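If you want the building blocks of each chain, they are given just below.
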Amino acid sequence: MVTLPGGVPPQASTFGLVVPAQPGRVLNMRIVYDIRNKPEWKMRHEEFEDPSSPLYHKFWTTQESRELNKPPASWFDQVGSWLTSQGFKITARDPNFIGIQFTGTVAQVDKAFRVEIMSTNDGKHYSILADPMIPARFQGTIIGILGLDNLGGVSLAAMGGAAVLPSR
């Protein structure tokens, strides 16, 4: 297992998360995949920003962006298999959103990602207070896990600083 950095929301320390969240509470989550073809993406991004390039400020079509960023089916299969082995239920495999949606209980999350989801006394707000862990084989594949808190907002840090080139 390896740590997936940047998963703790910055505002988590200000919410008074003092008790463990209810173990049976069901969470809706999403695994966010990294860009499939980083070298090509980086080259295209540099050309987009380079005034001497013929591709300077030429936006990608939606199709071009999807093709470059689309995760391979093997990522869905491998990550999905691991998630189901941990007791999670896969709810959507959507390559257009570069991720896989799933549900599970707080207890399953705590065990699978080696975290403890903490809650406010009234149970209204919850969050992790330490970065989640993922199997080492998914390092470089998974860049974020959304839904481990309900504090609002998503930081790019929580997704490894992922960015997508503009498309038209």
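Everything discussed here concerns the structure shown above.
None of these values were measured; they are calculated from a predicted model.

Cut-offs used in this document
- Residues numbered from 1 in each chain as written.
- Predicted model: local features only at pLDDT ≥ 70, side-chain atom pairs only at ≥ 80, totals over all residues.
- Heavy atoms only, no water.
- Helix = DSSP H or I, 4+ residues; strand = E, 2+ residues; numbered from the N terminus.
- Contact = heavy atoms within 4.5 Å.
- Areas by Shrake-Rupley, 256 points an atom, 1.4 Å probe, with all protein chains shown as cover.
- Salt bridge = Lys/Arg side-chain N within 4 Å of Asp/Glu carboxyl O.
- Buried < 20%, exposed > 50% of the residue type's maximum accessible area, 1.4 Å probe, protein only.
- Pairing = 2+ DSSP bridges.
- Axes fitted to C-alpha atoms, helices over the stretch in contact; angles between N-to-C directions.
- Phe/Tyr/Trp six-rings, centres within 6.5 Å; stacked < 30°, edge-to-face > 60°.
- Core = buried A, V, L, I, M, F, W, Y, C linked by side-chain atoms within 4.5 Å.

### Comments concerning the overall build of the protein
- Along the protein, the regular secondary structure elements total four helices and nine strands.
- Counting from the amino terminus, the protein carries its helices and strands in the arrangement β-β-β-α-α-α-β-β-α-β-β-β-β.
- Restricting the contact set of the protein to residue pairs at least 6 apart, pairs at least 24 apart contribute 69%.
- Accessible surface, the protein: about 9000 Å² in total, of which carbon and sulfur atoms supply 53%.

### Side note on the pattern of salt bridges
- Using the criterion set out here, one finds two salt bridges in the structure.
- K42 serves as the salt-bridge partner of E46, at 4.0 Å between the closest nitrogen and oxygen. With E46 and K42 both in helix α1 (residues 38–49) and four residues apart, this pair spans about one turn of that helix.
- Overall, E46 belongs to the partly exposed group, its relative accessible area being 45%.
- A salt bridge links R93 to D77; the shortest N-O distance between them is 2.9 Å.

### Side note on the sheet that holds strand β9 (residues 142–146)
- With antiparallel pairing, the four strands of this open sheet are ordered in space as β4-β5-β3-β9. If you trace the sheet from one side to the other, it starts and ends with β4 (89–94) and β9, each paired once. In this sheet, adjacent strand axes meet at a mean angle of 20° when their direction is disregarded.
- Sheet analysis places strand β3 (residues 26–33) next to strand β5 (residues 99–105), joined by seven bridges and oriented antiparallel.

### Focus: the packing of aromatic side chains
- Evaluation of the coordinates by the stated rule reveals eight aromatic pairs.
- Among the aromatic residues, those joined into a cluster by ring pairs are W82, F88, F102, F113 and F138.

### What to know about the environment of K89
- If you trace the backbone, K89 turns up in strand β4.
- According to the relative accessible area criterion, K89 is exposed, its value standing at 56%.
- Apart from residues lying up to four places away in sequence, K89 is in contact with Q101, F102 and T103.

### Some details on the nonpolar core
- Residues I31, L83, V109, F113 and I117 are the most contacted members of the largest nonpolar core, which totals 29 residues.
- Only β3, α3 (73–85), β5, α4 (106–112), β7 (126–128) and β9 provide two or more residues apiece to this core.
- Considering each element in turn, this core owes the most residues, five residues, to α3.
- What V109 contacts, discounting residues up to four positions off in sequence, is L27, M29, F88, R114, V115, I117 and L148.

### Some remarks on the sheet that holds β7
- Spatially, three strands are ordered β2-β6-β7 in an open sheet, and the strand pairing comes out antiparallel. Here the strands that pair on one side only, and so sit at the sheet edges, are β2 (19–20) and β7.
- The pairing of β2 with strand β6 (residues 117–119) spans two bridges and is antiparallel. The partner of P20 across the bridge, within β6, is M118.

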